[in-house]
Every structure is written in C-alpha cells, then in structure tokens.
Amino acid sequence: MMPLADNHKISNSFLEINIDSIVHNYQLINTKVGNTECAAVLKADAYGMGASVIAKALDKAGCSTFFVATIDEGIELRACFSKNENKIVVLSGLLEGSEDIFYDNNLTPVLNDIEQIKKWYIYNRQKKISAPSILHIDTGMNRLGLTISELHDITKKPAELKGLHVGWIMSHLACGDQPLDIMNKRQLSVFLNAKEKFPHVKASLANSAGVFLGKSYHLDMVRPGIALYGSGSSSIDSNPLKQVIKLYSRILQIRTLSRGASIGYGASYRASKATRVATVGLGYADGYLRSLSNHSWTFFNGVRLPVIGRVSMDYITIDITKIASEKIKTGDFIEIISDKFTLDDLATVANTVPHELLTRLGTRHHRIYRNTDNISK
Ligand SMILES: *Cc1c(COP(=O)(O)O)cnc(C)c1O
C-alpha cells in the first residue's frame, strides 16, 4: 500500500501509473472491437500520464495509430518511436504554413475545413506526393470539421478533390457517455450518409464511450483515450476496465481544532466539536480542484475522511477524528485516488469528467511507473 517501499525520494505526493493496466485496457478494447482497428488518443501528454512511456507500451501491444491534439505533440511523439510506420494524427488540423512540418515529421493532418483541404491538396500536387490525411466531418458536435452542406459542395465539384488522397473520414460523438441519448443514433446516421459519398474510404467515429455503444459505432477504427485509464465504459454493469492510477499524499502536520475554530482560507469550515485535522501535501496546483473544498473524501486504511475547509494551492485539510491518534501520524500517506475511491468517484464528486482531473494533475507529484518491463525500447 505504501509507495515508499521501493522509492525513497522525499516528496509530498506520489502518483502511481500502472502500465500493465493500460495495456490490459487497450487489449480489452481491441478484443471487444474485433476486426476494427484500435487506435489510441495520446493528446495532452497522454492525458498528463506521459505520452512517451505510454506510446511505447501501446506500440509494443500492437497499436499503430496515435492521435494527438497539436502539431508539437505530434513532433514529440514521433521522436518516441524507433520505426517510422506508426501513424500519428493531429486532430487540431492543418494550421497556416504547417504543411512542411507535417510532411517532414511524417504526421497526418486532420482536415477540418475546405481551406485546409485545398492547402493539403496543393501541397501534395506541388511536391508530387500523396501524403495521407483524415477528413473531419461534423455530425453535430459543432466544434471542428466540415459541415454537411460544405461536404455536399465539395462532392458536387469532384475536381477539387481529385488527386487528394482521402483515405479516412472521421467524426466525433457529442453524447457518447449517455448511451440512451438520441443524439448518438442521429450522428451515426448522418456520418454513414456522408460515408456513402466516399465509397473507398475508411471511417472512424467512436471515442471511449463510443466503443461501449456497440458494434455499429465501431466502423473501421475506434479512438479511445480515457478508457485506457479505466474510465468511460459508461456501462451500467461493472466496469470491465482496470484502474490505472493511484495518488497518495503525505500528512505534513496534525492539529486539534477546538469547538468553534475555523480552518483555512475564508474560514469556510468551523468545527462544531473538537476536531483532529491533518494537513495533506497537495492542492489545486496539483489538480485537486478548489471546487472540492468542504466537499470531498480521502481514505486512510479503509476509513473515509472528509476534506474540510478550502483547498489551497499546495494543501488540503482533512478531518481525521475518526482514527485513533496512535494509528495515524505526520508523514503517513493519505489515499487521494485508489481502488476504494477511484478517478471516476473523484470526478463525480468534483462534478467533472475524469479527463479533466487527469490532465490537471500537474508536475509536482513524484511519478512511479509500475510494470514498465514490457515497454519497447
Ligand atoms: C479526445 C478525443 C477522443 C478520445 O476521447 P475519450 O473520451 O478520451 O475516449 C477521440 N476523438 C477525438 C476527436 C477527441 O478529441
């Protein structure tokens, strides 16, 4: 339970990332989707978990298509692989003047509008190449991608597309995490209609949640991100995915509040009786959202301990009155995220998605990667 056993670095908090569990989750999805390709979304430094380590582990597990958000993430990811065959797709699109960077780093742009299509087409013609791209079709997210009427326009003028190597089309679900939402079926049907205009292209629609919506959503490739970390199955039955991260933080000081004393910024909590309080070494700068003030739980040896007072930048304060004073001391580790209180549990309490919690964890936790033996070098 205590992470100190194999690590002596003195640190306020430890973040354990279990690589075997990530690989297990990837393989579980890969099996679930059958012949459909299973890509991996590693944007935002693999949701803050470390793109380079995770990319190598997934590469070894057989993954060969990786999505990132920005061109810089793409360049960094390219440097992680010893072989050049892995496909790296940049979701944010082909920014003005970035054509050479895409080509030189062997990155695949997602083409989000007609201008980007034309730019990539002209670039390919000038260089006499046929570099791949993915055409993004907006089926209701209204964020990025060609609208359906723009799609009609360009397919009516096939000359504009002739010579452009459109190997793939993609779209993105707005409500995948709500399986019963009518929006899912609607987007699928709009996307399948659009696909008819491109008889030979492959198609991708599903994020993690889409994987669990069923076979009709899988098409030729699924793009899970958060499911790699154990969330997003949205299944009413038990979650088949494994938990990946554990977060522990150290008790820095223990004190007893007398009745009526307040704690922390804004004096937002007042003790109604004598209360033993532990100050724990993580705060909103470490991704423990300030909105969790007076409104969350931590665990110690199976006992649930409430967060009291405001979350500050570097500390939280928890009520440890329930634990006998000889059983807990300064330096002990409190479980912030664990099998008892998972990433999804904390996200629910914080009224957010696990994606946000993960990407905000920041750089101050001492990171321990477990089971890294299998990573390809
Ligand atoms: C982030 C993202 C994904 C992955 O979403 P998850 O919910 O993490 O599985 C897939 N496709 C696109 C276009 C995305 O932006």
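Residues numbered from 1 in each chain as written. Predicted model: local features only at pLDDT ≥ 70, side-chain atom pairs only at ≥ 80, totals over all residues. Heavy atoms only, no water.

## Focus on the environment of His-366
Item 1. Here His-366 shows up in strand β19 (residues 366-370).
Item 2. Linking His-366 and Glu-16, residues 350 residues apart in sequence, is a C-alpha distance of 8.4 Å. (Helix = DSSP H or I, 4+ residues; strand = E, 2+ residues; numbered from the N terminus.)

## Looking at the packing of helix α1 (residues 19-32) against helix α3 (residues 51-60)
Item 1. Following both chains from N to C, one finds α1 and α3 inclined at 50 degrees, their axes separated by 10 Å at the closest point. One element, α1, and the other, α3, form an angle in the oblique class. As α1 runs across α3, the sense of the crossing is right-handed. Between α1 and α3, the contacting residues are Ile-19, Ile-22, Val-23 and Tyr-26 on the first element and Val-53, Ile-54, Ala-57 and Leu-58 on the second. (Axes fitted to C-alpha atoms, helices over the stretch in contact; angles between N-to-C directions. Parallel < 35°, antiparallel > 145°, perpendicular 65-115°, else oblique. Left-handed = near helix turned anticlockwise from the far one by under 90°. Contact = heavy atoms within 4.5 Å.)

## A closer look at the site of the ligand
Item 1. Around the ligand, the surrounding shell holds 14 residues, and the nearest of these are Lys-43, Tyr-47, Ser-208, Ile-226 and His-355.
Item 2. A distance of 3.5 Å is found between a nitrogen atom of the ligand and a side-chain nitrogen or oxygen belonging to His-172.
Item 3. The side chain of Arg-223 places a nitrogen or oxygen atom 3.0 Å from a nitrogen atom of the ligand.
Item 4. Contact with the protein chains hides 91% of the accessible area of the ligand, taken as 390 Å² for the molecule alone.
Item 5. Here the ligand is seated within the largest pocket.
Item 6. Tallied by class, the residues present in the shell around the ligand amount to six nonpolar, five polar and three charged. (Near = heavy atom within 4 Å. Polar contact = N/O pair within 3.5 Å; in protein donor to acceptor, adjacent residues only side chain to side chain. Areas by Shrake-Rupley, 256 points an atom, 1.4 Å probe, with all protein chains shown as cover. 1 Å grid on protein atoms, 1.4 Å probe; cavity = no way out; pocket = protein on both sides within 12 Å on 5 of 7 lines; lining within 4 Å. Sits in = over half its atoms within 2 Å of the grid points. Nonpolar A, V, L, I, M, F, W, Y, C, P; charged D, E, K, R; others polar.)

## Digging into the nonpolar core
Buried together is how nonpolar side chains tend to be arranged in soluble globular proteins.
Item 1. Counting 107 residues, the largest nonpolar core has Leu-42, Leu-58, Leu-77, Tyr-229 and Ile-245 as its most contacted members.
Item 2. Each of domain 1 (33-229) and domain 2 (245-372) contributes no fewer than three residues to this core.
Item 3. In contact with Tyr-229, not counting residues within four places along its chain, are Ile-22, Asn-25, Leu-42, Ala-46, Tyr-47, Met-49, Ile-54, Lys-242, Val-244 and Leu-358.
Item 4. Membership of the second largest hydrophobic core comes to five residues, among which are Leu-257, Ile-263, Val-277 and Ile-308. (Core = buried A, V, L, I, M, F, W, Y, C linked by side-chain atoms within 4.5 Å. Buried < 20%, exposed > 50% of the residue type's maximum accessible area, 1.4 Å probe, protein only. Domains from an automatic or database assignment.)

## Focus: the domain arrangement of the chain
Item 1. Assigned domains within the chain: domain 1 (33-229) and domain 2 (245-372).
Item 2. With centres defined by C-alpha atoms, the gap from domain 1 to domain 2 works out at 39 Å.
Item 3. On the domain 2 side, the residues contacting the eight residues of domain 1 number eight residues.
Item 4. Interface area, domain 1 with domain 2, both sides summed: about 770 Å², of which 74% is carbon and sulfur. (Buried area = accessible area lost by both parts, 1.4 Å probe.)

## Focus: helix α8 (residues 182-195)
Item 1. Taking 1.5 Å of rise per residue, 14 residues should cover 20 Å, and α8 covers 20 Å from first to last C-alpha, within 8% of that figure.
Item 2. When α8 is considered as a whole, its buried residues turn out to be Asn-184, Gln-187, Leu-188, Phe-191 and Ala-194. Summarising the axial view, the buried residues of α8 lie within an arc of 125 degrees, below the 170-degree limit, and thus occupy one face. Along α8, exposed side chains directed more than 90 degrees from the buried face belong to Ile-182, Lys-185 and Arg-186.
Item 3. Contacts made by the buried residues of α8 are with α7 (148-156), β8 (166-170) and β9 (202-204).
Item 4. For α8, the side-chain oxygen to backbone nitrogen distance between the N-cap and Met-183 is 2.9 Å, and the N-cap itself is Asp-181. (Expected span 1.5 Å × (residues − 1). Arc of directions from axis to C-beta.)

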